[in-house]
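Each chain, letter by letter, is given below.
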Amino acid sequence: MQGGGGGGSESGSMSTVSRDENMVVSSEDSSCPDESGLELGLGLSLGGGGGGGGRQGGGFKMHHVSKGGPYARILTAKDFPSPSSSSSSSSSSPSLSKASVTAGTKRTAESVAVAANGSSQVVGWPPIRAYRMNSMVNQAKVLTMENRKKETSMVENSTIGGYRNNGNTKMKKSTFVKVNMDGTPIGRKVDLNAHESYEKLAITLEDMFLETAPSVNPSGSTALQLDMLNRMTRRSKLLDGSSDFVLTYEDKEGDWMLVGDVPWEMFLTSVKRLRIMRKSEATGLAPR
Amino acid sequence: MQKKTAYSFPDEILEHVFSFIHSGKDRNAASVVCKSWYEIERWCRRKIFVGNCYAVSPTMVIRRFPDIRSIELKGKPHFADFNLVPDGWGGYVLPWISEMAGAYPWLEEIRLKRMVVTDESLELVAKSFTNLQVLVLFSCEGFSTDGLAAIAASCKNLRELDLRDSEVDDLSGHWLNHFPDTYTSLVSLNISCLGSDDVSFSALERLVGRCPNLRRLLLNREVPLDKIANLLSRAPQLIEFGTGTYAAELRSDVYSNLAEAFCNCKELKCLSGFWDAVPAYLPVIYSVCSRLTSLNLSYAPIQNPDLTKLVSQCPSLQRMLVLDYIEDSGLEVLASSCKDLQELRVFPSDPFGEEPNVSLTEKGLVAVSSGCPKLQSVLYFCRQMSNAALVTIAQNCPNFTRFRLCLLDPKIADYRTLQPLDVGFGAIVEHCKDLRRLSLSGLLTDRVFEYIGMHAKKLEMLSVAFAGESDLALHHVLSGCESLRKLEIMNCPFGDKALLANAAKLETMRSLWMSSCSVSLGACKMLGQKMPRLNIEVMDEKGPPDSRAESDPVDKLYIYRSVAGPRFDMPPFVWTMDEDFASELS
């Protein structure tokens, strides 16, 4: 390994270290530091047979060409299968085993949460910051409240029109609320709108926080299918009282309540955050 | 003796020369010229930017740079903004603060982005850095107003406190009271993210009143409109102001007080806030409009004609953030009125609605591209696009540095030809030679990535979702984009091949994020084994990767270069693929 641009009287390792450090440390958000002359000479042979499941294509070496030229591309367009006209992912990755392709599709499907109205919503799409989403949600609520309060004010005249088409009911926001569990220092966030009911929510939380009974644990796509089936049919321990923990929430007034007492939609509008509380500590909360 | 070099420039002179070099790139270059330059440079470097807090350890930074006065750190990957990074992933600032507390007692500036900042960290900052002047917590979380109280109480030299977009636990609005009465140095205060109903307004008023150098004040939503006039009258020297909620019953006294207060702010150039804004109170800012260079109405549910009327009064605008209520018609007015416009961001008012609620299409963006010759930076959410429009936009604006287009339906085709949008985005990268940041959306095949690899030579950050058909796409980007630093990909059919073939490229980038793609566990392990200077992090909330087959795709993958080695503060659902991991299981 040789630091071409450095040279000088210092040892090779010094310039390499400082060059490496220079890459990650800089005084401003600038683009890549000067790379010319750096030759990694990896000569790696990645993706050869053996090891990983069913990967073909022979070994492809990589060299990092020096003197600022483009990185050597041992693989060219010819090495890749020509993209098919259909956009199915399975045909373009012949080297992956079928199971993993199916799993891949499943995996993508799983990142699609089912929203309250049944339509699919993908986590992370559209790319709007949570901060902005929450502001918009609160906005819709404030205006709806304003609409109810005022009879004939300018506020109403100018805003009701705007929200006529996308009133509160259609606002399928992504409400992430914090969840903490007694005894666990790290909290999590859960998207309430991705669940249609208390049962579904509780099951998600159980998966996140509590140990679920170890299943047979087959690998591959069947595991994922079983998983989904399991989640759909399982009863929640948090809700039926058989766990050591109960699910509670803090509402807009700052009071802590047991989850499950009010209709789901009402819960959605008043919940601020969730807490998985030890049963012993949950005395004094409104009984179910 | 001839051997002894006559080159014995005194260190002090070199140090003086270096003091004029501010750019990190230049300093880095100087530091590798020779050993003495390395030594001199490291002693006199004052400002450090660490784009990934896990790329280097605080110990290493401190060892090399003994006297830093200003540090900027970034933690979580960008997609954390969209809830793609599970809570607890990492990005803790405490280890940095703890070590810097001893090493940099003269630290003046701390800027953090997407990091977990606890009250403990803030208390340590307050205690350790008596000379702290700037504290910026951009999109951070994990702290409460208690931590802020500690800062307010101790940091006598604080000039700038900016909590931009952070998530703060509001325990008490009285943290503002902790600024002592003798404290008068505030220049910039951004508390727009605070939600508490009782940000003590009287404390805020007194604070504003006694800080004559206050130039930037961004309030939180809870500050009612009728209190603004009073506040502004105490700070007529403000350059940038963010209102709180901008809705109230129309009252003539409130109205006229506001109008007068704004009128007296002769230096006001930037306005924001406007939550829940009602048209009735918009005219109070008319006196300021002609001077405005930056206007953020992206939280204001104002619609046309009020919205367009307001915009038409701001000919000096350089930066405009707005909701899609502006519609194509409003953007046409913007295009004809605001010839200095450099940055435009249009956000969706109803992102999840199935039907468009406003008439905002590609035409608005075309109009602005045509009318505003200085346009450089665009973030545009809309529901339809055509290749023709994108080509026109590209030809109109060859100076684009940032272009982010978000079509709400992520795989939508050109609405006129039903073709993929490859050609349109291709035109963007071909014409805009200085493009540094690009976000794609819409129906896209491998083609667009071929164009990107071919043309986008200055591209530093690329965001991709639901695009491409095969590994070839990823290969084009990794092999062609010479300046690429950050690549983030979600829900694309990219697997192992491109990644493995371009593994060396990853060491030249800050980071790569891939979620809901088809990269197999086996490939991750292989990368982890072969590339010791990369951290390969696999995130899977369902269970440890070893319970799955090698060919199973990983849920989330985050790869970043690091000289610090693997980290040890990972939560249970994140695994680092390194030599140890691979060998344990084989």
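Residues numbered from 1 in each chain as written. Chains lettered and ligands numbered in written order. Predicted model: local features only at pLDDT ≥ 70, side-chain atom pairs only at ≥ 80, totals over all residues. Heavy atoms only, no water.

Asker: Lay out the overall build of chain A with the relevant residues and their values.
Answerer: Within chain A, the regular secondary structure consists of eight helices and twelve strands. When the 288 residues of chain A are sorted by exposure, 43% land in the buried category. Long-range pairs, those at least 24 residues apart, make up 54% of the contacts in chain A with a sequence separation of at least 6. Within the structure as shown, chain A displays about 14,700 Å² of accessible surface, and the carbon and sulfur contribution to it stands at 54%. (Helix = DSSP H or I, 4+ residues; strand = E, 2+ residues; numbered from the N terminus. Buried < 20%, exposed > 50% of the residue type's maximum accessible area, 1.4 Å probe, protein only. Contact = heavy atoms within 4.5 Å. Areas by Shrake-Rupley, 256 points an atom, 1.4 Å probe, with all protein chains shown as cover.)

Asker: Could you give an account of the pairing of strand 21 (residues 534-539) of chain B, with specific residues and numbers?
Answerer: All names here are of chain B. Strand 21 sits mainly inside the fold: six of its six residues count as buried. Here strand 21 shows no split at all, with Leu 534, Ile 536 and Val 538 on one side and Asn 535, Glu 537 and Met 539 on the other all buried. With six bridges joining them, strand 21 and strand 22 (residues 556-561) adopt antiparallel strand pairing. When the sheet's bridge partners are listed, Val 538 is paired in strand 22 with Leu 557. Two elements, strand 21 and strand 23 (residues 574-576), share three bridges in a ladder whose sense is antiparallel. Each residue of the ladder has a partner; that of Met 539, found in strand 23, is Val 574. (Pairing = 2+ DSSP bridges.)

Asker: How would you explain the state of the cysteines if you had to name every residue and give the values?
Answerer: Residues and elements named next belong to chain B. Enumeration over the complete set of coordinates arrives at zero disulfides over all chains. For Cys 289, which is in no disulfide, the shortest distance to another cysteine sulfur is to Cys 314 and amounts to 3.7 Å. The buried category is assigned to Cys 289, whose relative accessible area is 0%. (Disulfide = S-S within 2.5 Å.)

Asker: Please provide a residue-by-residue account of the environment of Lys309(B), values included.
Answerer: Inspection of the secondary structure assignment puts Lys309(B) in helix 12 (residues 306-312). Through-space distance from the C-alpha of Lys309(B) to that of Pro283(B) is 9.8 Å; in sequence the pair is 26 residues apart.

Asker: Report on the confidence of the model for chain A, specifying residues and quantitative values.
Answerer: Residues and elements named next belong to chain A. Mean pLDDT over chain A stands at 56; residues scoring 70 or higher make up 36%. Overall, residues 27-119 carries pLDDT values under 50, and its contacts beyond four positions in sequence, including any with other chains, amount to 186 contacts. Every residue in residues 212-221 is under pLDDT 50, and counting partners more than four places away or in other chains gives twelve contacts. (pLDDT = per-residue confidence, 0-100.)

Asker: Tell me what's going on with the UniProt feature "domain: F-box" (unreviewed entry) in chain B, and back it up with residues and numbers.
Answerer: When the UniProt feature table is mapped to this numbering, "domain: F-box" (unreviewed entry) covers residues 9-50 of chain B. Strand forms 10% of residues 9-50 of chain B and helix 62%; the C-alpha atoms that close the span are 31 Å apart. (UniProt positions renumbered as here; feature names shortened; annotations may be inferred.)

Asker: An account of helix 7 (residues 145-154) of chain B is requested, with residue identities and associated values reported.
Answerer: Residues and elements named next belong to chain B. For helix 7, the buried fraction is high: seven of the ten residues fall into the buried class. Buried within helix 7 we find Thr 145, Gly 147, Leu 148, Ala 149, Ala 150, Ile 151 and Ala 152. Looking at the buried side of helix 7, the elements it contacts are helix 6 (119-128), strand 4 (134-138), strand 5 (141-144) and strand 7 (167-169). Near the N-terminus of helix 7, the side chain that reaches the backbone nitrogen of Asp 146, with its oxygen 3.0 Å away, is that of Ser 144. (Polar contact = N/O pair within 3.5 Å; in protein donor to acceptor, adjacent residues only side chain to side chain.)

Asker: Summarise the nonpolar core; cite the residues concerned and give the values.
Answerer: Within the largest apolar cluster, 214 residues are counted, with the highest numbers of intra-cluster contacts made by Phe262(B), Phe403(B), Ile452(B) and Leu499(B). Each residue touching Leu499(B), except ones within four places of it in the same chain, is listed here: Leu474(B), Leu478(B), Leu506(B), Leu512(B), Met514(B), Val519(B), Leu527(B), Leu557(B) and Ile559(B). Formed by 22 residues, the second largest nonpolar core is a distinct cluster that contains Val177(A), Leu238(A), Leu239(A) and Leu247(A). (Core = buried A, V, L, I, M, F, W, Y, C linked by side-chain atoms within 4.5 Å.)

Asker: Talk me through unusual backbone geometry; I want residue IDs and the actual numbers.
Answerer: With an omega dihedral of -10 degrees, the bond running from Trp125(A) to Pro126(A) counts as a cis peptide bond. Residue placement: Pro126(A) occurs in the loop between strand 7 (120-122) and helix 3 (130-149). Here the residue pair Asn304(B) and Pro305(B) is connected by a cis peptide bond, since its omega of 0 degrees sits within 30 degrees of zero. By secondary structure assignment, the location of Pro305(B) is in the loop between strand 12 (294-297) and helix 12.

Asker: Lay out helix 10 (residues 252-263) of chain B in plain terms, naming residues and giving numbers.
Answerer: Residue and element names in this part refer to chain B. The first and last C-alpha atoms of helix 10 sit 16 Å apart over twelve residues, in line with the 16 Å expected at 1.5 Å per residue. Among all positions of helix 10, only Val 254, Leu 258, Ala 261 and Phe 262 are buried. On an axial view of helix 10, the arc spanned by its buried residues comes to 95 degrees, and they lie on one face. Those residues of helix 10 that are exposed and angled more than 90 degrees off the buried face are Ser 252 and Glu 260. Residues of helix 10 that are buried make contact with helix 9 (228-234), strand 10 (240-242), strand 11 (270-272) and helix 11 (286-289). (Expected span 1.5 Å × (residues − 1). Arc of directions from axis to C-beta.)

Asker: Describe a nonpolar patch on the surface, naming the residues involved and giving the relevant values.
Answerer: Residue and element names in this part refer to chain B. A grouping of Phe 9, Ile 13 and Val 17 is seen on the molecular surface, where their side chains present a nonpolar patch of about 260 Å² in accessible area. Relative to the elements of secondary structure, Phe 9 occurs in the segment before helix 1 (11-18). For Phe 9, a relative accessible area of 45% corresponds to the partly exposed category. (Patch = residues over 30% accessible without salt bridge, like charges linked within 9 Å, V, L, I, M, F, W, Y side chains within 5 Å. Salt bridge = Lys/Arg side-chain N within 4 Å of Asp/Glu carboxyl O.)

Asker: Break down the packing of helix 13 (residues 327-337) of chain B against helix 14 (residues 362-371) of chain B for me, with residues and values.
Answerer: All names here are of chain B. Relative to each other, helix 13 and helix 14 sit at 5 degrees, their axes nearing to 8 Å. When the axis of helix 13 is compared with that of helix 14, the two are roughly parallel. Every residue of helix 14 that contacts helix 13 at Asp 328, Leu 331, Glu 332, Leu 334 and Ala 335 is listed here: Lys 363, Gly 364, Leu 365, Ala 367, Val 368 and Gly 371. (Axes fitted to C-alpha atoms, helices over the stretch in contact; angles between N-to-C directions. Parallel < 35°, antiparallel > 145°, perpendicular 65-115°, else oblique.)

Asker: Describe the pattern of salt bridges, naming the residues involved and giving the relevant values.
Answerer: All names here are of chain B. Here the structure, examined in full by the defined rule, presents 31 salt bridges over all chains. Note that Lys 525 is salt-bridged to Glu 550, the shortest N-O span being 2.4 Å. Here Lys 525, found in helix 21 (residues 521-530), pairs with Glu 550, found in the loop between strand 21 and strand 22; they are 25 residues apart in sequence, far enough to count as distant.

Asker: Residues and numbers for the packing of aromatic side chains, please.
Answerer: Overall, the coordinates contain 24 aromatic pairs over all chains when judged by the stated rule. A connected cluster of aromatic rings, assembled from ring pairs, spans Tyr54(B), Phe79(B), Phe82(B), Trp89(B), Trp513(B), Tyr558(B) and Tyr560(B). The ring of Tyr299(B) has Arg132(A) sitting right over it, with the charged end atom 4.5 Å from the ring centre. Taking NZ or CZ as reference, Lys113(B) lies 4.5 Å from the ring centre of Phe138(B), over its face. (Phe/Tyr/Trp six-rings, centres within 6.5 Å; stacked < 30°, edge-to-face > 60°. Lys NZ or Arg CZ within 6 Å of the ring centre and 35° of its normal.)

Asker: Kindly report on the pairing of strand 18 (residues 461-465) of chain B, identifying the contributing residues and their values.
Answerer: All names here are of chain B. Counting buried residues in strand 18 gives five out of five residues, a clear majority hidden from the surface. Residues Met 461, Ser 463 and Ala 465 point to one face of strand 18 and Leu 462 and Val 464 to the other, with burial holding for every one of them. With three bridges joining them, strand 17 (residues 437-439) and strand 18 adopt parallel strand pairing. When the sheet's bridge partners are listed, Leu 438 is paired in strand 18 with Leu 462. Handedness of the strand 17-helix 17 (residues 446-455)-strand 18 crossover: right-handed. Where strand 18 meets strand 19 (residues 486-490), five bridges bridge the pair, whose relative direction is parallel. (Right-handed = clockwise from strand over helix to strand, strands pointing away.)

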